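# Results of the structural survey
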Amino acid sequence: MLNKNSKAASVSFHNVSKVYGNPTTGVRAVDDVSINIEAGTLVTLLGPSGCGKTTTLRMIAGLEMPTNGKVMIGDMDVTNLPATDRDVSMVFQSYALFPHMSVLENVSYGLKFSGFKKSEIQDRALAGLNLVGLEGYGDRLPSELSGGQQQRVAVARALVLEPQVLLFDEPLSNLDAKLRRQVREEIREIQQNLGLTVVYVTHDQEEALAVSDRIIVMNNAVIAQDGTPRDLYDAPANRFVADFIGEANILDCRIAAIEGGEAQVEIEGYSLKLPARDSHVGSALLGVRPNRIVVGNPGAANSLAGEVVRVTYVGNHLELTIKTVAGDLFATSDDVDALLESGTKVSVTFAKNAPVLLKN
Amino acid sequence: MQAIAETKTGSAHPTLLLWLVVGWAGFFILPWYGVEDSVFTFGWLFEGYPLDDDVAPGFFQGISGKKGWLLPHLIFLIGPIFALNRPRSDPLHAKILIICGALGFGWLIAQGFSIGIRGWNFGWQENLFGPLGDRQFGMGTGAMLVASAFLFILTQGVAARGAVNGDIFVVGAIGFVITIVAIFVFYPIFNMLTSAFVTQDNSYSISVFFEKFTDRRLWGLGCLQGGRCGAAWNSLVLAILVGMTTTVLGLAFALVVTRTGFRFKRGLRALTVLPIITPPFVIGLAIILLFGLSGNVTRFVADIIGIAPTRWVYGMPGVLIAQILAFTPIAFLVLIGVVEGVSPSMEEAAQTLRANRWETFRTVSLPLMRPGLANAFLLGFIESMADFGNPLVLGGNFDVLSTEIFFAIVGAQYDQGRAAVLALVLLAFTLGAFWAQRFWLGKKSYTTMTGKGDSGVHPLLPKGLAIPVYAIVGIWTVFTITIYTMIVYGSFVELWGVRNDLTFKHYITAFSIDFTQEGVRKYTGSAWDSFWTTLQIAAISAPLTAAVGLVTAYLLTRQNFAGKNSFEFGTMLSFAIPGTVIGVSYILAFNVPPLEITGTGVILVVSFIFRNMPVGVRAGIASMSQLDKSLDESSLTLGANSWQTFLNVILPLLKPAILAALVYSFVRAMTAISAVIFLVSAEYNMATSYIIGRVENNDYGLAIAYSTSLIIVMLAAVGLLQLLVGRTNIGRRHSRPSSKN
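Residues numbered from 1 in each chain as written. Chains lettered and ligands numbered in written order. Predicted model: local features only at pLDDT ≥ 70, side-chain atom pairs only at ≥ 80, totals over all residues.

Assigned secondary structure in chain B consists of 35 helices and six strands. Computed over the C-alpha atoms, the radius of gyration of chain B is 28 Å, within 12% of the 27 Å expected from 2.2 N^0.38 for a compact globule of 741 residues. Judged by the C-alpha coordinates and their principal axes, chain B covers about 85 × 65 × 65 Å. Counting over 741 residues, chain B shows a buried share of 45%. Considering only intrachain contacts with a sequence separation of at least 6, the fraction spanning at least 24 residues in chain B is 75%. (Helix = DSSP H or I, 4+ residues; strand = E, 2+ residues; numbered from the N terminus. Rg over C-alpha atoms; globule rule 2.2 N^0.38 Å. Buried ≥ 20, exposed ≤ 12 C-beta atoms within 10 Å, placed from the backbone. Contact = placed C-beta atoms within 7 Å.)

Following this line, the structure appears as C-alpha cells:
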C-alpha cells in the first residue's frame, strides 16, 4: 500500500535566523543558518540542549516562523506557510497521541484532512499500522499501549500521509536502551525502503551516528559541523565537535612546520606528522580518541612517558587514566588481561593518523 | 494531496465567500432595523416588505432616498469581490480586505451612533450638516449580519497579512472576542461614566459629578455618633468583613477536606455546594424566619430571658450573616483547588528539613496558598459589594451602594446621574480590590505543579490548628443545615409566626395547573411566567457563555499575539464589575439606538454571558494548560487547521471544563438578581426578581416556596447537564504521555 515515496523533497534554509523577543536584543535561538538537505536522505540535527536544533526542526514544520531568511521545501518557498498548509509531518518527543481517540483514529486523523475517501482512509491507516507491526491494535486507546507501541503509532500516523518531509523530534528519548536500538533500526529501514526525506533531532550522538546519512552538529545557535558520521567522528572540525561526538582527549601541542599539507607536530618531545587541515605554525590543539591511544613499555622512543593512575574494568575493555607531562589522558584498552594497575609506568603513543588537529 | 495543498494556498477563499454572502444577505434580504417580533416568526414578510420603512432591508432603505447614509455600505460589500480571485500571498488581497472591512465596519458604527431616534445625536453634526429630516431605530438582523461580515472580512485581511501565522480562525476569533467585549463591557461602562457628568438640561458638567459624589448619603460618618453612615462606607466595611470571614471559613473547610482524617468529606462537599444553587437572598429570608421579629430563635430567647423581641437582625448584622453563609462556599471552591494544588513534595521536603507540622504549615503550606487566599477574599469582597437581595431583604436602615443604585433608578427620585455616580464608586472599590490583590501577589511564582508525577501525601493539620478548624466547620455545618431546614419547612407554613399550620397553599398559588375537560393544560399559577422565562434564558445563555469563555481561554493559552495581556485584562474586567453596575450601565447604554435591546430577552442573555464568561475562561485556562501543546502541534502538522484542531482535539479533552462552565453559567443565570433586577421587563420577568417582588409585599410563604422549587430544579438541571456532556474516554488518562516528559 505504501509505495516508494516519489514525493520526498529536499529542504533548504537560506540564512535563517530565529530571534525570540526583541529582534535586536532578544534571544537568538538560530543564528544565520544555511543548510541543504537532499531528497531521500536522513539528516540528523545533533547538539546539546538549547543549541537551536529543535527550533530549526520546528521551522521546517511550520510551527515557528523564521525572523529572517528563507525556508524552501522542494522548489516551494514555504517561509510564511503555516504548519497546516505544509506537506510535512512530525513525530513528537511526547508522541502527542490524542488520548481520546483509538489507535486507528489517531492514524486516520491526518488522512481525514487530506481529501481521501472514507474507504481509502481506512485502507491507508491499516497499511500504516501493518508497516510498524501493529496490526490488530487499531481499536485500543493510546493509554493501553506500551511506550514502544505508542511510539510506533506516532510514526505510523506521520508516515501514512506520505509527506514531502518527515520530522522526528527526539523520538526515542522516552524508550529504554534496548528498545531504542531496535526502534532506531526500524526507523532507518522504513526511511530507506520508502525513500523518505527525514530530518531527525537528537542529543544522543550514538543514535545520530547510527541512523544518519548526514549529521549537522549545532552549538550556540550555529552549525558547528556538517558531514557524514565518519567525517564527524574521524575528523571533527573543532574542539566542540570532537568533544561532543564520542570521547576525545584534547591536548595542547605546537606545530613546528607545515610542508605540503603535512604538519610537524610536537607534544612535550613526542613528534608526529599529521594532515595540516589549514592550521598554522604555532600552538594548536590536538584531539585523540581514547581507543587510538597505544600503551607500551616505558622508555620507548618518540613517545610520551606516563603513569597509570586509575584502571577500571568495564567488561569488554579496560578504561585507563594515564598521567603524562602533556596532561591526563583517557584511554581504552581491549587487552583486558594486561597487567596494568595503578602506579605502572608506561609509554604512550598514538595510532597512525588517529589524532587530528582541531580549531579551538 | 498536492492538489489539496494547492487549493489551500491558492486563490480559493471559502471563508471569505461565506462572509460575503452573509453580508449581502444582511444588506439585501433581511430587515435592517429591529422588527417587533423575532425575525424567525417571519411576520415582517407580510408587513409591506421589502419597501416599508419598518421592515425594509438596508439596500431598499437606502435607495428609497430617505436614508441615503446606508448606501455606502454597498461599496464595501462589493469591494471584497475583487479580492476573491487573488491568492492570499498577493498583498493586494490583504489590502482590499482590510480597507473594505475596516471602513465598512467603521461607517456602520459611525452612522449608528450619529443618527438616532431624534435625527442627529450630536449638536455639532446638526450645526455642520443642518437638520436631518429622518431618524433611525435600533439595528436589527440585517445590520448585525452586515457588521459581522465586515468584521470577519477585516480579520481575514489581517490574517492574510501574516498576523498569528496567517491563521484565519484565530485572527477571526480574536477580532470577534475583542468586538463583543468592547460593545458589551467597555461601551456601557464608558457610557455610564459620561452620564455621571450630564446635567438636567443634557449638557456636560464636572460640578454635577462632584455635587452628587460628595453627597452626605454617600460618605457621611454619622454612625460613629449614633446616626447613619453613608452607603459607601457601609458597603466597604461590609465587603471587607465578608471577604475576610468567608476566606477564613473557606480555608477551614478546604483544610478539613484535604488535610484531616475527617470521614464525611463527601457530605461536606455537598453541603458547601448547596448554597451555590441557592439564590443569595433566600438565605436572607431564612434568617428572617430564624431571627426576625417573629423568628423562632428570637421568640425562644425572648421567652427565656423575658425581654421583648427586637429587630436587631435588620441592618448590618443580618446582612453580614446572610452574606457569609451565601458566599463561604465560593471561597471554599476557590481554596480547595489551591490547597490541594500545593505540591505534597514541598511539604514533605520541609518536614525532612526538620520542620514540625505546625512550622511546615506556617512556613510552606500557608504562603503557597497566598494566591488562593487573595482570590477568595477578592471574590467575597466583590460578591458582597454587588449583592442586592440580602441588603434589600435584611438591610433595614443600613444603606449599601447596590440598593441605593436601585432606588436611584427605579425609585421616585429617578436620577440616572446619581445611579451612575454610585455605580462608579462601587466600580472604583472593586477595581481597587482587584488591583490591590495583584499588587499583594506581586510577581512571585506560586506554581507548584510541575506536571511530573507527584506521589506524596499532604501532611495532616497540626493538632493546635485542627481543633479550632473542626469547631468552626461544625458550627457552620449545623447552622447551614438549620437554615435549609427552615427554607423547606417555611415553604409549607401558612403564615410564619402567626399561623404555623402546614399547608400546600404557597405551592398551589405559585404552580397550579388547571386541566380543562378536554385535557388541555393551563398554567394558572402566578409563578409560571417568570419560571419559564428563567429556564429559557438560562438555557440559552449557558451554552453561549461556555462557548465564548472556552474560545477566549483557547486564545489565551494557545496563541501568541500582540496585545495579549490587555486582551486578558479586558475579558476578565467584567468579573470585577458588580452586577448592579452592569445592570445600570446596560439600561443606560442599550435603551437607545444603535443597540436598542432594553426590555427584550436578548439583554438578559447578553448580561449573563458577560457576567459569567470569566468563570468559563478560568475553567478553560486551567484545563487547557494541562494539555500538552504538542497535541495541538501534531494535529497541525497532520494537516488539520486550527479550527479543526480546536474541534477534534481540544474540545473532547475539555469536557470537564465545558461541564463546569455550563453548570456555572446555567445556575448563575437562574439565581442572579443584582444585574437582572434592572433589566427585567413585564414580558421577560425572571424568577429572582419575581421573588424579590413577593418579599417586598411581605409574601414570604410564596417567595420561599418558589425558591425551594428553584433549588430542586437546579439540582435536576445540573444532573442532566452532567449526562448530556458525558465523559471522554481516554483510558489511563493523559497522566501517562505527559508524565514521561
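Additional details are given in the paragraphs that follow.
Bringing the overall build of chain A into the picture now. On a plain count of helices and strands, chain A comes out with eight helices and 20 strands. The contacts in chain A between residues at least 6 apart in sequence include a share of 66% that link residues at least 24 apart.

Nonpolar side chains in soluble globular proteins generally cluster together in the buried interior. Ranked by internal contacts, the top residues of the largest apolar core, which has 319 residues, are Leu167 and Val199 of chain A together with Leu285, Ala423 and Val584 of chain B. In terms of residues, this core owes the most to one element, helix α16 (residues 316-341) of chain B, which gives 15 residues. Sequence-distant contacts of Ala423 of chain B, that is, excluding residues within four places in its chain, are made with Met192, Ile405, Thr580, Val581, Val584 and Ser585 of chain B. (Core = buried A, V, L, I, M, F, W, Y, C linked by C-beta atoms within 7 Å.)

Here we come to the domain arrangement of chain A. Along its sequence, chain A is organised into domain 1 (11-234) and domain 2 (247-358). Taking the mean C-alpha position of each, domain 1 of chain A and domain 2 of chain A sit 40 Å from one another. (Domains from an automatic or database assignment.)

Here we take up the packing of helix α14 (residues 280-291) of chain B against α16 of chain B. Residue and element names in this part refer to chain B. Where α14 meets α16, the axes come as close as 9 Å, and the angle between the chain directions of the two elements is 130 degrees. Overall, the two elements α14 and α16 adopt an arrangement that is oblique. Every pair of crossing elements has a handedness; the one defined by α14 and α16 is right-handed. Seen from α14, the contacting residues are Pro280, Ile283, Gly284, Ile287 and Phe291; seen from α16, they are Gly318, Ile321, Ala322, Leu325 and Ala326. In the contact of α14 with α16, the residues fall into eight nonpolar, two polar and no charged. (Axes fitted to C-alpha atoms, helices over the stretch in contact; angles between N-to-C directions. Parallel < 35°, antiparallel > 145°, perpendicular 65-115°, else oblique. Left-handed = near helix turned anticlockwise from the far one by under 90°. Nonpolar A, V, L, I, M, F, W, Y, C, P; charged D, E, K, R; others polar.)

With that settled, consider unusual backbone geometry. Residues and elements named next belong to chain A. With phi around 70 degrees, Tyr95 is a residue other than glycine that occupies positive phi space. Its place among the elements puts Tyr95 in the loop between β6 (88-91) and α2 (103-112). Take Tyr95: there are 25 C-beta atoms within 10 Å of it, and that puts it in the buried class. Positive phi, normally seen in glycine, also occurs at Asn302, with a value near 45 degrees. Its place among the elements puts Asn302 in the loop between β15 (293-296) and β16 (304-313). Its 10 C-beta neighbours within 10 Å are what place Asn302 among the exposed residues.

Take the domain arrangement of chain B next. Domain boundaries assigned for chain B yield domain 1 (14-161), domain 2 (217-450) and domain 3 (529-688). Placing the centre of domain 1 of chain B and that of domain 2 of chain B at their C-alpha centroids yields a distance of 48 Å.

Let's shift gears to the environment of Val314 of chain A. For Val314 of chain A, the location among the structural elements is in the loop between β16 and β17 (318-324). C-alpha separation for the pair Val314 of chain A and Leu134 of chain A, spaced 180 residues apart in sequence, amounts to 38 Å.

All names here are of chain B. Burial analysis of helix α33 (residues 687-696) places eight of its ten residues in the buried class, which makes it a mostly covered element. What α33 keeps buried is the set Ala687, Thr688, Ser689, Tyr690, Ile691, Ile692, Arg694 and Val695. Phi turns positive, to about 60 degrees, at Asn698, one or two residues after α33.

In this section: helix α23 (residues 463-490) of chain B. All names here are of chain B. Between its first and last C-alpha, α23 extends 40 Å over 28 residues, near the 40 Å set by a 1.5 Å rise per residue. Considered for burial, the residues of α23 that qualify are Val469, Val473, Ile483, Met486, Ile487 and Gly490. Buried residues along α23 sit in contact with α12 (231-259), α14, α16, β3 (493-495) and α34 (700-725). (Expected span 1.5 Å × (residues − 1).)

Here we come to the pairing of strand β4 (residues 68-73) of chain A. All names here are of chain A. The sheet contact formed by strand β1 (residues 11-20) and β4 spans five bridges and is antiparallel. If you follow Val11 over to β4, its bridge partner there is Ile73. Relative to strand β5 (residues 76-77), β4 runs antiparallel, the two sharing two bridges. Its bridge partner lying in β5, Met72 is registered against Asp77. Between β4 and β5, which follow one another and run antiparallel, lie two residues, and Gly74 among them has a positive phi close to 60 degrees. (Pairing = 2+ DSSP bridges.)

For the rest of this paragraph, the subject is the pairing of strand β2 (residues 27-37) of chain A. Residue and element names in this part refer to chain A. By the bridge criterion, seven bridges tie β1 to β2 in an arrangement that is antiparallel. Within β2, the position partnered with Lys18 by the bridge is Val30. Turn length for the β1-β2 hairpin, with the two strands adjacent in sequence and antiparallel, is six residues, and the turn residue Gly21 shows positive phi of about 85 degrees.

Residues and elements named next belong to chain A. Within the secondary structure, Leu42 is located in strand β3 (residues 42-46). Residues Leu42 and Asp75, spaced 33 residues apart in sequence, show a C-alpha to C-alpha distance of 19 Å. Ignoring any residue separated from it by four or fewer positions in sequence, one finds Leu42 in contact with Arg188, Gln191, Val198, Tyr200, Val211, Ser212 and Asp213.

Okay, the sheet that holds strand β13 (residues 270-275) of chain A next. The strands making up a sheet are joined through hydrogen bonds of the backbone, oriented either antiparallel or parallel. All names here are of chain A. Pairing is antiparallel across the open sheet formed by five strands, whose spatial order is β13-β12-β11-β14-β20. With partners counted over all chains shown, the strands left at the sheet margins are β13 and β20 (356-358), one partner each. When the angles between neighbouring strand axes are averaged without regard to direction, this sheet yields 45 degrees. Here five bridges tie strand β11 (residues 249-259) to strand β12 (residues 262-267), and the two strands are oriented antiparallel to one another. Looking at the pairing, Glu259 lines up with Glu262 of β12.

Attention now goes to the sheet that holds β4 of chain A. Strand order in the open sheet formed by four strands is β2-β1-β4-β5 (chain A), and the pairing between neighbours is antiparallel. At either end of the open sheet lies a strand with only one pairing partner, and these are β2 and β5 of chain A.

Residue and element names in this part refer to chain B. Looking at chain B as a whole, its pLDDT mean stands at 80, while 92% of the residues score no less than 70. The element-level mean pLDDT for chain B is lowest in helix α35 (residues 735-739), coming to 35, with helix α8 (residues 141-160) highest at 90. Contacts of residues 1-10 to residues separated by more than four positions or lying in other chains number eleven contacts, the stretch itself having pLDDT below 50. Of the regions scoring below 50 in pLDDT, residues 732-741 engages in 18 contacts with residues more than four places distant in sequence or in other chains. (pLDDT = per-residue confidence, 0-100.)

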